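# Working through the structure, step by step
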Amino acid sequence: MRVIRACRELGIATVAVYSEADRESLHVLMADEARLIGPPAPAESYLAIDRIVAAARATGAEAVHPGYGFLAENAVFAEACAAAGLTFIGPPPAAMRAMGDKVAARRAAKEAGVPVVPGVEAPVATDAEASEAAARVGYPVMIKAAMGGGGKGMRLVRGAAELAGALRAARSEAGAAFGDTSVYLERYVEAPRHIEVQVLADGHGSVVHLGERECSIQRRHQKLLEESPSSFVTPELRRRMGEAACRLAAAAGYVNAGTVEFLVDAEGSFYFLEMNTRLQVEHPVTELVTGRDLVKEQLRIAAGEKLGYGQDEIVHRGWAIECRINAEDPSAGFMPAPGRILGLRTPGGPWVRDDSGVYAGYTIPRHYDTLMAKLIVWAPDRDAAIARMSRALGEYHVAGVRTTIPLLQQIVRDPDFIAGRLSTHYLDRFLREGHAPAAGSRRTLALIAAALAAHEEAGRRAPAPDAPAASPWKQAGRPAWRGR
Ligand code: MV4
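Structural notes, computed from the coordinates.

So, how was this worked out
- Residues numbered from 1 in each chain as written.
- Predicted model: local features only at pLDDT ≥ 70, side-chain atom pairs only at ≥ 80, totals over all residues.
- Heavy atoms only, no water.
- Buried < 20%, exposed > 50% of the residue type's maximum accessible area, 1.4 Å probe, protein only.
- Helix = DSSP H or I, 4+ residues; strand = E, 2+ residues; numbered from the N terminus.
- Pairing = 2+ DSSP bridges.
- Axes fitted to C-alpha atoms, helices over the stretch in contact; angles between N-to-C directions.
- Salt bridge = Lys/Arg side-chain N within 4 Å of Asp/Glu carboxyl O.
- Polar contact = N/O pair within 3.5 Å; in protein donor to acceptor, adjacent residues only side chain to side chain.
- Phe/Tyr/Trp six-rings, centres within 6.5 Å; stacked < 30°, edge-to-face > 60°.

## Here's the deal with the pairing of strand 18 (residues 352-356)
Buried residues dominate strand 18, accounting for four of its five residues. Relative to strand 20 (residues 371-379), strand 18 is paired through five bridges, and the arrangement is antiparallel. Within strand 20, the position partnered with D354 by the bridge is L375.

## Focus on the sheet that holds strand 13 (residues 319-326)
With respect to topology, eight strands assemble into an open sheet ordered 12-11-8-9-10-13-20-18, the strand pairing being antiparallel. The two strands at the open ends of the sheet, each matched to only one other strand, are strand 12 (270-276) and strand 18. For this sheet, the mean inter-axis angle between neighbouring strands, taken without regard to orientation, is 25 degrees. In this structure, strand 13 lies alongside strand 20, joined through eight bridges in antiparallel fashion.

## Considerations on the sheet that holds strand 6 (residues 155-157)
An order of 6-5-7 is seen for the three strands of this open sheet, with the pairing classed as antiparallel. At either end of the open sheet lies a strand with only one pairing partner, and these are strand 6 and strand 7 (183-187). Strand-to-strand twist across the sheet, computed as the mean angle between neighbouring axes with direction ignored, equals 25 degrees. The sheet contact formed by strand 5 (residues 141-145) and strand 6 spans three bridges and is antiparallel. Bridge pairing in strand 6 places V141 opposite V157.

## Digging into the pattern of salt bridges
A full pass over the atoms with the stated rule returns 34 salt bridges. The partner of R106 in a salt bridge is E186, with the nearest N and O atoms 3.2 Å apart. On the criterion of sequence distance, the pair formed by R106 in helix 6 (residues 102-111) and E186 in strand 7 is long-range, its members being 80 residues apart. A single burial state applies to R106 and to E186, both of which are buried. A salt bridge links D355 to R353; the nearest nitrogen and oxygen atoms lie 2.9 Å apart. As far as the burial class goes, D355 and R353 line up, both buried. Within the structure, one salt-bridge network assembled from shared partners comprises E196, R213, K223, E226, E282 and R324.

## A word on unusual backbone geometry
A cis geometry characterises the amide bond from Y139 onward to P140, with omega recorded as -5 degrees. For P140, the location among the structural elements is in the loop between helix 7 (127-137) and strand 5. Between S228 and P229 the backbone carries a cis peptide bond, its omega angle lying at 0 degrees. Examined against the element boundaries, P229 turns out to sit in the loop between strand 10 (222-228) and helix 9 (235-251).

## Quick notes on helix 11 (residues 294-302)
By the burial criterion, the buried members of helix 11 are L294, V295, E297, Q298, L299 and I301. At the N-terminal boundary of helix 11, the capping side chain belongs to D293, with an oxygen 3.1 Å from the backbone nitrogen of V295. Positive backbone phi, approximately 90 degrees, marks G304, located one or two places after helix 11.

## A look at the packing of aromatic side chains
Aromatic ring pairs are defined here through the distance separating the ring centres and the angle between the ring planes. Taken as a whole and judged by the stated rule, the model has eight aromatic pairs. Taking 5.3 Å as the distance between ring centres and 20 degrees as the angle between the ring planes, the aromatic pair formed by Y46 and F70 counts as stacked. Within this pair, whereas Y46 is found in the loop between strand 2 (33-38) and helix 3 (49-59), its partner F70 is found in the loop between strand 3 (63-64) and helix 4 (75-83), the two being separated by 24 residues in sequence. On the basis of relative accessible area, F70 is assigned to the partly exposed category, the value being 46%. Here the aromatic rings of Y46 and Y368 are separated by 5.5 Å at their centres, their planes lie at 75 degrees, and the arrangement is edge-to-face. Separated by 322 residues along the polypeptide, Y46 in the loop between strand 2 and helix 3 and Y368 in the loop between strand 19 (363-364) and strand 20 bring together distant segments of the chain. On the accessibility criterion, Y46 (10% relative accessible area) is buried. With relative accessibility at 17%, the residue Y368 sits in the buried group.

Following this line, the structure appears as structure tokens:
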């Protein structure tokens, strides 16, 4: 939907690909053309490189935008597009590979003068090597999958006694998830913030950054709410993190839109984490504070155009917040809640953007992730943006499926969130403290409803002595049983 919108404004025709589970999806209805590529199982449709390339060839497409899921960071897919004469709207395969290998990315960052967490320069081959490295780096340490990312195959180790077991667990998880058991280790940063920098690089050697996004509010590496700027980042820190991100992008031969992730500790020290070689879900907050359309920039860069502006022409104005509206039940451990949307009323008004993929009557398929819509607001300052988000969430009504809306509403009203007291532990603590809509609240609602019904019943039996008589029209309209 996001890509189709940018293309349409540029007069570029679009072809959507879809699986059997997505026949009714909005992107299929919205694109100029649509091609069925296979059954619901991703391996046979959205991950089937040959089928997607064949659909592109058959429709005469000139370029492929990989979106932000499935094959978006797959170098083999980028190469297959190029081999078929299609422009891949993303970075060169070599840059994707360099950043996909987390140990190589760490090395590249270090060589580019980007701070990294103290750790190893190569995967740890044996338990003895890991033990020696951990002692040198200092406990606690984090074991990570070399070909991983996003938290899979990651283990926190507090002391030497836990190391061997954690290594075994991390290797086996990495092997199952990435087909590669290589792991490395770093010193563990306690309760950091997760702050990422948006970069744009053209094919002519220009790289700029578009400031940061604060993404600390997440659960099991799924973000729920993002904002730009970060209330923690000063202009000076923004400049230093931005320059570091640009240095890494330039060193990696990066072209197109990309994101450099950092951990930031309470003292304001920042450490390179990984680079995402795609457009990200949370890109709209950057668009709203910089006024730049990131998808149009991707299309222009892929077409070989120059950025045409320098770092000093990027201006940051106001504050933007994004909430992810997922079909999940936060009171049941965020269990996916796919199903049919029976009713939908979406927010509007000034500076409110609803990037949605659903409509009333649509059935959210159970095959894919639960993201339904992203609600993004802009305001001149953070307090006004929070008030606007709360207002917009209040206008958002979804009937038929459970959503994260009530939880998001509680977060934007939480004193810690309002004060900007954030870290990657924020949401776990918030949920532990019992702010989330509990199953018990349904019982409370039932009790309130019963009390109201009893109150109404009592009022009916004994009308107030001075109550005005209802008009004849009202009396005629009332069901007969009420006159009992
Ligand atoms: C860390 C860390 C603390 N210290 N590395 C999680 C996802 C993966 N990309 C890296 N992650 C982390 N790496 C060191 N040396 C804490 C995390 C982490 C985290 C990072 C970003 C956002 C949310 C997170 C939640 C838990 C742990």
